[in-house]
Amino acid sequence: MRFNVSSTALCNKLQTVSRVQSNKNSLPILDCILFELSNNVLSITASDSETIITTTIEVSDCDGYGRFAIESKQLINSIKEISDQPITFNINTDTQQVLINYQNGKYNLMGQNADEYPLPANDNNVNETLTVSAETLLSGLTRSLFATADDELRPQMNGVFFDITPEFTTLVASDGHKLVRNRMLAVHGNSNSSFILPKKPALLVKTILPKEESEVQISYNDRNAKVQLANYTISCRLIEGRYPNYNSVIPTDNPFRVHVDRLSFISALRRVSVFASASSSLIKLHIENNTLTVSAQDLEFSTSAEESVMCEYDGNPMSIGFNGPFLLEVLNNITSQDIVLELADPSRAGVLLPSEQTQDEDLIMLLMPMMLQD
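S.K.: Is there a simple way to explain the pattern of salt bridges in this structure?
M.R.: Close approach of charged atoms lets side chains of opposite charge pair. All chains considered together, the criterion is met by 15 salt bridges. Arginine 154 is the salt-bridge partner of aspartate 151, the closest N and O atoms lying 3.0 Å from each other. For aspartate 151, a relative accessible area of 18% puts it in the buried group. We classify arginine 154 as partly exposed; its relative accessible area is 39%. A salt bridge links aspartate 362 to arginine 183, with the shortest nitrogen-to-oxygen separation between them at 3.8 Å. One end of the pair, aspartate 362, is in strand 25 (residues 361–367); the other, arginine 183, is in strand 13 (residues 178–184), and 179 residues separate them in sequence. Given a relative accessible area of 22%, arginine 183 falls into the partly exposed group.

S.K.: Sorry if this is basic, but what is going on with the packing of aromatic side chains here?
M.R.: Working definition: an aromatic ring pair is given by the centre-to-centre distance plus the angle between the planes. This model, assessed by the stated rule, comprises 9 aromatic pairs. On the basis of an interplanar angle of 45° and a centroid distance of 5.1 Å, the ring pair of tyrosine 102 and tyrosine 107 is categorised as tilted. By relative accessible area, tyrosine 102 is classed as partly exposed at 23%. Within the aromatic cluster, the residues linked to one another by ring pairs are Phe3, Phe35, Phe68 and Phe89. Directly above the aromatic system of tyrosine 232 lies the positively charged group of lysine 13, at a separation of 5.0 Å from the ring centroid. Directly above the ring of phenylalanine 326 sits lysine 178, whose terminal nitrogen or CZ lies 3.9 Å from the centroid.

S.K.: Just checking my understanding: could you explain the sheet that holds strand 12 (residues 169–174) for this structure?
M.R.: Pairing between the strands of a sheet is mediated by backbone hydrogen bonds and can be parallel or antiparallel. Spatial ordering of the open sheet is given by 14-11-12-13-25-24-23-18-21-20-19-22, a layout of 12 strands whose pairing is antiparallel. Every interior strand has two partners, whereas the edge strands, strand 14 (193–198) and strand 22 (318–323), have only one. Here the strands of the sheet are splayed against their neighbours by 25° on average, with no regard to which way each runs. Along the sheet, helix 4 (residues 199–208) contacts strand 11 (159–164) and strand 14; its crossing angle with strand 14, the most-contacted strand, is approximately 85°.

About the thresholds
Residues numbered from 1 in each chain as written. Predicted model: local features only at pLDDT ≥ 70, side-chain atom pairs only at ≥ 80, totals over all residues. Heavy atoms only, no water. Salt bridge = Lys/Arg side-chain N within 4 Å of Asp/Glu carboxyl O. Buried < 20%, exposed > 50% of the residue type's maximum accessible area, 1.4 Å probe, protein only. Helix = DSSP H or I, 4+ residues; strand = E, 2+ residues; numbered from the N terminus. Phe/Tyr/Trp six-rings, centres within 6.5 Å; stacked < 30°, edge-to-face > 60°. Lys NZ or Arg CZ within 6 Å of the ring centre and 35° of its normal. Pairing = 2+ DSSP bridges. Axes fitted to C-alpha atoms, helices over the stretch in contact; angles between N-to-C directions. Contact = heavy atoms within 4.5 Å.

Bear in mind that shape data such as this cannot, by itself, settle questions of function.
As structure tokens, this is what we get:
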């Protein structure tokens, strides 16, 4: 079996699919990438047993067909050092020997038996299909993924929750400290349904989406999901269990609204947070007379900092504490020039949202407060 392929095009595909592979695989064969040659098309697959990513690339001067597997790190590290040129693969399917010829040299590798590669049986029991533009899905995942948890006791929180209705689709992520609810108003389901997409395949999709322009089709049932992009297919096992009722924790009656320039707020937070206690990362916000005062102190080292930012606020003076890194994460994932901070009292969650929502999107972020020391 032999074929020719562009070294650069192949390397780009290999680097993308290898992102799914784990550093500690339960099966040694999963350290390999699976190749299948058929009709001048080379199919490339990688997996960690939970998530599978597949792509294809056109080849030329093809002779024969079949499957073979090669250890991914050695293959990628060798091919990425070759300048852009056609390279030739010669595979002995009996001995699993792989010979790669390029302009000035050759590589001799040993493959593994492709029949040992674990591929799931075809799951034709597809209950629902959701179609969404690449740009909309990228925006939704980017704004949600940072808020997902890494919690072994509550695995439902370790992914992005897709809440699908005929009116709109909502992406939700929360780790118990912060919560993101992003409604994609232009994405409609055929009926009410939902699933929890694990963080790893969600990150893979997010990585690939900037290169995609066409619509993305997500097919899913109670156990599995398949994300079909123009050039890649990602299949994964969904997180089982019921996602918490996220709407019940979002306050709807916060009486105090602060309008502030987002970048000015971020800059002040970054400077002041240097002086926050390393153990708590507590940042204090005091709002009064159109001024937002950001302060932090570390009693152990007798250091403190305070900075004022102009804002729009005509309510009663109030103070509230937040975790500095969490607050920065939330602000960095809102793209509008100004943000609105909705508050009720120092013990209730603060709601942050863009002052102007983007078209076909309704974004709300929630951040739990921290207790202030008197």
